[in-house]
Amino acid sequence: TANPDTATDAYDLVIVSNRLPVDRVVDESGEASWRPSPGGLVAALEPMMRSQDGIWIGWAGVADEEIEPFEAGDINIRPVMLTEQDLQEYYEGFSNDTLWPLYHDVIAQPSYHREWWETYVKVNRRFADAAAEVAAQGAVVWVHDYQLQLVPAMLREVRPDLVIGFFNHIPFPPYGIYSQLPWRRQIIDGLLGADVIGFQRVADAGNFSRAVRRLKGYETRGPIIEVPIDTDDPASGSHRHVTTDRRGGLVRTVLARAFPISIDADQYQDLARRPEIQARAREIRQELGNPQTVMLGVDRLDYTKGIGHRLKAFGELLAEGRLNAEEVTLVQVASPSRERVETYRQLRDEIELTVGRINGDYGSLGHTAVAYLHHGYPREEMVALYLAADVMLVTALRDGMNLVAKEYVATRIDEDGVLVLSEFTGASDELRQALLINPHDIEGLKETILQAVAMPKRDRTRRMRALRRKVLTNDVARWSASFLDALTRSAHGDHPLQNP
Ligand code: GDG
């Protein structure tokens, strides 16, 4: 397999994620090319990828096609092939119909299929091999998210010289839930191949450590996990930061702690300052019939986002006459997501039935109660929507972070607008000045919506100022820098236990 010394292209920084940050575009003449898809992760990593000779490994979004490495917008890209069957079993199956519902507190029932698991192992191996092939001697490899939890150990096995990091973008569930997983030990072993394992919340890191103690019996000291070294293994001599545990056995140490992700806040502020986007925000309110209050929800159409709970609360407030559809409009952007997974199809039917009922009962020709949009929009339009919204509703039942909440705050350069935020999002750990809610408590949610609608300007500004301070200081550049710093320091046997 990989020999780092003879590799022709060897990179010092390797990013591994399921999906590459590029989209294939076909022009009028039928010529296909790659366009960088501007996500927060790319924005955060781009400067480092440039300065450190980096490469990104992942799936290019087209099934059954071997694609040669290429460069897109200055980023080196190494595609990993996925067949249609891999997509069904590894991606839609094990990732999105087993791990996703399990890690989000079994809001939906996870499906456990042994064939899906086998494909998950096989595909993880393919990603690990690709990373092993391109990484320079001693390179830093940063693996992302729940689709690739076996990659760290697979990679360490063939390339013990690498510094390996893993970041989990979604929650890590409490042991009582995690322990349902038939392959619970294999996943833990996979993750523990990393030197640093990052989570969104302190609670997620705690859940992970507990699972490690329960399932593996390893010792943990705060965020440090002691992983015993098998001294019969010929690679055992090449491990970094090896120490002895209390019983004198050899262990390598793994750091597992919270690194809450964020957004490119400046980019949202810059968009919010553009006159044409501000004009679009005014136009949106006009198109809605100039209601006194515009409320907004922006989510992938996913059962974790609590869209149904939000609609229930809004519908009841209209039914009870405590809100009036002539005065208040709820705009719900539900961007299409995972449409081949059955649970998502059912969710779409439920949501659209509820929206239709509310509009039929409380709307009029001039005023729709819920403006429901099953589309994805350009970022400019999202920012105009954030600017147009008096109240932002984030009612997720479980969410690793929720970037939408942070985007709304970054956009509000006018220091106005009220954020209603679920306690079950990672964002609620930082955004304490939002109106925090428990989305399961429909009465409480209704009260809070009324409070948001009626909040005096002075209070809105005071809260928004405090929220903006948080988001503008802790942006995504700081997040990636602090994770990579922890990784590089771990290569020298030094574990930063918390953010500087
Ligand atoms: C996962 C975790 C964690 C949505 N619709 C449109 C659109 N979006 C953008 C939003 C935001 C992103 O997609 C969604 O991010 P979230 O964080 O809200 O949620 P997930 O997609 O579930 O992300 C989550 C995140 O990973 C990062 O670690 O925070 O907890 O579940 O940026 O703006 N963007 C555009 N058009 C749309 O229609 N342009």
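An account of the accompanying structure is given in this report. It should be emphasised that the depicted structure is a prediction, and the values quoted were computed from it without experimental measurement. (Residues numbered from 1 in each chain as written. Predicted model: local features only at pLDDT ≥ 70, side-chain atom pairs only at ≥ 80, totals over all residues. Heavy atoms only, no water.)

**Looking at the overall build of the protein chain**
When you go through the protein chain residue by residue, the secondary structure sums to 17 helices and 19 strands. C-alpha atoms of the protein chain, sized along the principal axes, occupy 75 × 60 × 45 Å. A total of 500 residues make up the protein chain; the buried ones form 57% of that total. Once local pairs closer than 6 in sequence are excluded, the contacts in the protein chain between residues at least 24 apart make up 74%. Only carbon and sulfur atoms are counted for the fraction: they give 47% of the accessible area of the protein chain, which is about 20,800 Å². Mean positive and mean negative side-chain charge positions of the protein chain (56 and 73 charges, respectively) differ by 7 Å. (Helix = DSSP H or I, 4+ residues; strand = E, 2+ residues; numbered from the N terminus. Buried < 20%, exposed > 50% of the residue type's maximum accessible area, 1.4 Å probe, protein only. Contact = heavy atoms within 4.5 Å. Areas by Shrake-Rupley, 256 points an atom, 1.4 Å probe, with all protein chains shown as cover. Lys, Arg positive; Asp, Glu negative; His and termini not counted. Charge placed at Lys NZ, Arg CZ, Asp CG, Glu CD.)

**Re the environment of Asp-399**
One can find Asp-399 in the loop between β17 (391–394) and α13 (403–411). Apart from the residues lying within four places of it in its own chain, the contact partners of Asp-399 are His-104, Pro-171, Lys-305, Phe-424, Thr-425 and Gly-426.

**Some details on the site of the ligand**
Neighbouring the ligand are 21 residues; His-169, Tyr-377, Asp-399, Leu-403 and Glu-407 lie closest to it. Note that an oxygen atom of the ligand is positioned 3.0 Å from one of the backbone N or O atoms of Asn-402. Within the backbone of Leu-403, an N or O atom sits 2.7 Å from an oxygen atom of the ligand. Put simply, the parts of the chain that give the shell around the ligand at least two residues each are α12 (379–388) and α13. Of the residues in the shell around the ligand, the class split is nine nonpolar, seven polar and five charged. (Near = heavy atom within 4 Å. Polar contact = N/O pair within 3.5 Å; in protein donor to acceptor, adjacent residues only side chain to side chain. Nonpolar A, V, L, I, M, F, W, Y, C, P; charged D, E, K, R; others polar.)

**Points about the pairing of strand β2 (residues 22–26)**
Summarising the sheet, β2 and strand β3 (residues 32–36) pair through five bridges and their orientation is antiparallel. Considered in β3, the bridge of Arg-24 is made with Trp-34. Adjacent in sequence and paired antiparallel, β2 and β3 are bridged by five residues, among which Gly-30 carries a positive phi angle near 85 degrees. (Pairing = 2+ DSSP bridges.)

**Side note on the side chain of Asp-86**
Secondary-structure assignment places Asp-86 in helix α2 (residues 84–103). Not counting chain neighbours up to four residues away, the residues in contact with Asp-86 comprise Met-81, Tyr-91, Thr-119, Lys-122, Val-123 and Arg-126.

**Quick word on helix α8 (residues 265–273)**
Turning to α8, its buried residues number three or more, namely Ala-265, Tyr-268, Gln-269, Leu-271 and Ala-272. For α8, the angular spread of the buried residues around the axis is 160 degrees, confining them to a single face. (Arc of directions from axis to C-beta.)

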